Structure formats: C-alpha cells, structure tokens
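Observations on the model geometry
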Amino acid sequence: MKGATYEPKSNTSIVPLGQTVITANALETLHPEDVSAAIHRHARRDWGDLCPEDMAENELSLKEGFRLLSAYRDRNGTKFWIITEADRSVTTVLLPEDY
C-alpha cells in the first residue's frame, strides 16, 4: 500500500493507534482537517457512521484484540474508513475503493 505517514495533532488516545498512515488516494481526496478530526474520534471510540452491530463488534474487538473499523464522511460527503490492525501497530486512513 503506497501512501504517507499521517501525524494527528495529539498522541493522547484511548485506543492505541500505532503508526498512523493514509493511502495516496485518501491523501489526495480528503481534507486534512476532516482526517485529523476522524482519527481523534476513532481513538476515543467514536466509530462514526457504523450500524449498531458494527459498533458492538468494535467494542468486542477492543476486548479480544481484533481489528477496529470506523467510517466517516468528509466535508464533501466522501466516505472514508479508518482501520486499526489487531496488534495496534498501524492505523490506516483509506477510501473504500482502496481496500
């Protein structure tokens, strides 16, 4: 996956994010402020635009050490995801078509 490292403004989080990266496509498409805000929401367990079942799955994933997924929209309505790997080593910002 080609992309760039993304540095959120604060390192304080409930969810360990590891290295935060963004795909090249997401970097070119999304507004940086919207990405930063979404990363902070994800870190605070605000899963964004997920159904209740997927939110519950994330809460289980926190306890069991599975991958976490959040979904958000930027100011232009573009949907994007944030995925934190099960080992919490990497969190990736991507567009659904990047997956």
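Let me sum up the structure you'll find in this document.

Conventions adopted
Residues numbered from 1 in each chain as written. Predicted model: local features only at pLDDT ≥ 70, side-chain atom pairs only at ≥ 80, totals over all residues. Heavy atoms only, no water. Helix = DSSP H or I, 4+ residues; strand = E, 2+ residues; numbered from the N terminus. Expected span 1.5 Å × (residues − 1). Buried < 20%, exposed > 50% of the residue type's maximum accessible area, 1.4 Å probe, protein only. Phe/Tyr/Trp six-rings, centres within 6.5 Å; stacked < 30°, edge-to-face > 60°. Salt bridge = Lys/Arg side-chain N within 4 Å of Asp/Glu carboxyl O.

**Brief notes about helix 3 (residues 52-64)**
For helix 3, built from 13 residues, the straight-helix expectation of 18 Å at 1.5 Å per residue is met to within 8% by its first-to-last C-alpha distance of 18 Å. Downstream of helix 3 by a residue or two, glycine 65 has a phi angle that is positive, lying close to 80°.

**Examining helix 2 (residues 32-43)**
Compared with the 16 Å implied by 1.5 Å per residue over 12 residues, the 17 Å span of helix 2 between its first and last C-alpha is a close match. Every buried residue belonging to helix 2 is among Asp34, Val35, Ser36, Ala38, Ile39, His40, His42 and Ala43, and all of these are buried. Once helix 2 finishes, arginine 45 follows within two positions and takes phi at roughly 70°, a positive value.

**Comments concerning the packing of aromatic side chains**
Taken as a whole and assessed by the stated rule, the structure comprises 2 aromatic pairs. Geometrically, the ring pair formed by tyrosine 72 and phenylalanine 80 is tilted, given 5.9 Å between the ring centres and 40° between the ring planes. When its relative accessible area of 1% is taken as the criterion, phenylalanine 80 is described as buried. With a centroid separation of 5.7 Å and an interplanar angle of 75°, the aromatic rings of tryptophan 81 and tyrosine 99 are classed as edge-to-face. A residue pair is termed long-range when its members are at least 10 positions apart, and tryptophan 81 in strand 4 (residues 79-84) and tyrosine 99 in the segment after strand 5 (90-94) qualify at 18 residues.

**What to know about the pattern of salt bridges**
A complete count under the given rule lists 4 salt bridges for this structure. In this structure, glutamate 33 and arginine 75 form a salt bridge, with 3.3 Å as the shortest nitrogen-oxygen distance. In this pair, glutamate 33 is assigned in helix 2 and arginine 75 in the loop between strand 3 (68-73) and strand 4, connecting sequence segments 42 residues apart. When its relative accessible area of 49% is taken as the criterion, arginine 75 is described as partly exposed. Put simply, glutamate 59 and arginine 45 hold a salt bridge, and the shortest N to O gap is 2.6 Å. In this pair, glutamate 59 sits in helix 3 while arginine 45 sits in the loop between helix 2 and helix 3, placing the two residues 14 residues apart along the sequence. Residue glutamate 59 is classed as partly exposed on the basis of its relative accessible area of 25%.

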